[in-house]
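# Per-entry structural report
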Amino acid sequence: MAPTFESQQMAPLDLHAGRENPARNSNDGHKSRVTVVGSGNWGSVAAKLIAFNTLNLPSFHDEVRMWVFQEILPSGEKLTDVINRTNENVKYLPGIKLGKNVVADADLENAVKDANMLVFVTPHQFMEGICKRLVGKIKEGAEAISLIKGMEVKMEGPCMISSLISSQLKINCCVLMGANIANEIAVEKLSEATVGYRENRETAEKWVQLFSTPYFMVSAIQDVEGVELCGTLKNVVAIAAGLVDGLEMGNNTKAAIMRIGLREMKAFSKLLFPSVKDSTFFESCGVADLITTCLGGRNRKVADAFARNGGQRSFDDLEAEMLQGQKLQGVSTAREVYGVLRHRGWLELFPLFSTVHEISTGRLPPSAIVKYSEQKPIFSR
Ligand SMILES: NC(=O)c1ccc[n+]([C@@H]2O[C@H](COP(=O)([O-])OP(=O)(O)OC[C@H]3O[C@@H](n4cnc5c(N)ncnc54)[C@H](O)[C@@H]3O)[C@@H](O)[C@H]2O)c1
Ligand SMILES: O=P(O)(O)OC[C@H](O)CO
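Residues numbered from 1 in each chain as written. Chains lettered and ligands numbered in written order. Predicted model: local features only at pLDDT ≥ 70, side-chain atom pairs only at ≥ 80, totals over all residues. Heavy atoms only, no water.

### Quick notes on the site of ligand 2
Put simply, the rule reads: We call a residue near a molecule or strand as soon as one heavy atom of that residue lies within 4 Å of the molecule or strand. Here a polar contact is recorded for every N or O atom pair within 3.5 Å, except that within protein the pair must consist of a potential hydrogen donor and a potential acceptor, and residues adjacent in sequence are included only if both atoms are side-chain atoms. Shrake-Rupley sampling with a 1.4 Å probe provides the accessible areas, and residues are treated as covered by the protein chains on show and by no other component. Secondary structure elements are defined from DSSP: runs of H or I of at least 4 residues count as helices, runs of E of at least 2 residues count as strands, and each element is numbered from the N terminus.
Taken together, Lys149, Gly178, Ala179, Asn180, Ile181, Lys234, Asp289, Thr293, Gly297, Arg298 and Asn299 form the complete shell of residues around ligand 2. Take Lys149: an N or O atom from its side chain is 2.9 Å from an oxygen atom of ligand 2. Here an oxygen atom of ligand 2 and a backbone polar atom of Asn180 are 2.9 Å apart. Protein burial of ligand 2: of its 300 Å² of free accessible surface, 92% is covered by the chains. Listed by contribution, the elements that provide at least two residues to the shell around ligand 2 are helix H12 (284–296) and helix H13 (298–308).

This is the structure:
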């Protein structure tokens, strides 16, 4: 029998299904309201994608609320005021119109209170605080999706961000990850993404519908942990790839680092969650995201500069100087992964992941990335 791929099994969606039904159109009570929690580089692009669809799909309210972590711009104006006046996030996504139906709101509780569909897209380190503020503030029956690439490590062990959202807010949470450099999607260059869902395929289809555009092709698979771990762990590999670039080691070495990194991503994911599927690594969230992030991402870029400076300037310093408020996820994820590896006695099984952490904390020089990454491999496949 020919192999089948789950992401292709889902029937193609009619994005305009239900439009012709005037009774449904006139009944606003049945329409879903969407709030995007986060307004950085990817958060703003996510709002743009969603705003295009809510205007065109009758099952959604036109308005998309976007929670903005308030900032005062050099002009003295509030970021929310400028977004609402110009329809642009001038700090995190300058030059791109988000859609007139995007409303920036600095009041987190107000932004979420009416939403049936919550899209979480902040740097992962802020999510614990955000969840605490939202306990008891979410509408009953609301659904969530996390676009956040990262994890938390607690006393009890690692906790994926979608689990944090689900357990704190008592809501179902899907994930969306993929080869998605935000600035490219902002200018409508074609890319793909993967929605990971746990059980409810209907909800996954609704998320696919909300995000899909002719230039953003989304498919769904039943593997939340696999999808989320791919998105999370590739940031550690991107740091390694950036170090290799900064050391001017060339393409073959970089490809080797990506291969070893992918192998560690798969091994780590399956050790943590045996249910993770091999096929997930061949979706957009897997190998495709690994490639794009190692070629053109922010983690790569800052790690390149770190190596060129011989490790003399910290990642924090370089991040602040090079990214102007945008946040790296790879260095903190390497620390979190390292914590898990040490706790479980797995450090020697993951030479690339552990070496990235030791370099980023200054315990090893940048050149250690090629010296140690393949030194003690145990996963030969
Ligand atoms: N940018 C991309 O190309 C891209 C693509 C796919 C996924 N992602 C993922 O999306 C997530 C969000 O990244 P991004 O690119 O939208 O953000 P970003 O790095 O561009 O911006 C940082 C954001 O954090 C906010 N912030 C700063 N301090 C805060 C605080 N104390 N509390 C809450 N928020 C605070 C800032 O206002 C800003 O919105 C990350 O997990 C990232 O890995 C990013
Ligand atoms: O710019 P990075 O390194 O945060 O990566 C961006 C996206 O995750 C790529 O899909």
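### A word on the UniProt feature "binding site: NAD(+)" (unreviewed entry) in the protein chain
Note the cut-off: UniProt positions are given in the numbering used here, feature names are shortened, and annotations may be inferred rather than shown by experiment. Partly exposed residues are those whose accessible area sits between 20% and 50% of the maximum for their type, while under 20% is buried and over 50% is exposed, using a 1.4 Å probe and protein chains only. We call two residues in contact whenever any of their non-hydrogen atoms come within 4.5 Å of each other.
UniProt records the feature "binding site: NAD(+)" (unreviewed entry) for Gly38, Ser39, Gly40, Asn41, Trp42, Gly43, Phe69, Phe126, Ala182, Arg298, Lys327 and Gln329 in the present numbering. Inspection of the secondary structure assignment puts Lys327 in the loop between helix H14 (315–323) and helix H15 (330–344). Structurally, Gln329 is set in the loop between H14 and H15. Overall, the relative accessible area of 8% leaves Gln329 in the buried class. Excluding anything up to four places from it in sequence, Gln329 contacts Pro123, His124, Gln125, Lys149, Asn235 and Asn299. At 2.7 Å, the side chain of Gln329 and the side chain of His124 are in polar contact.

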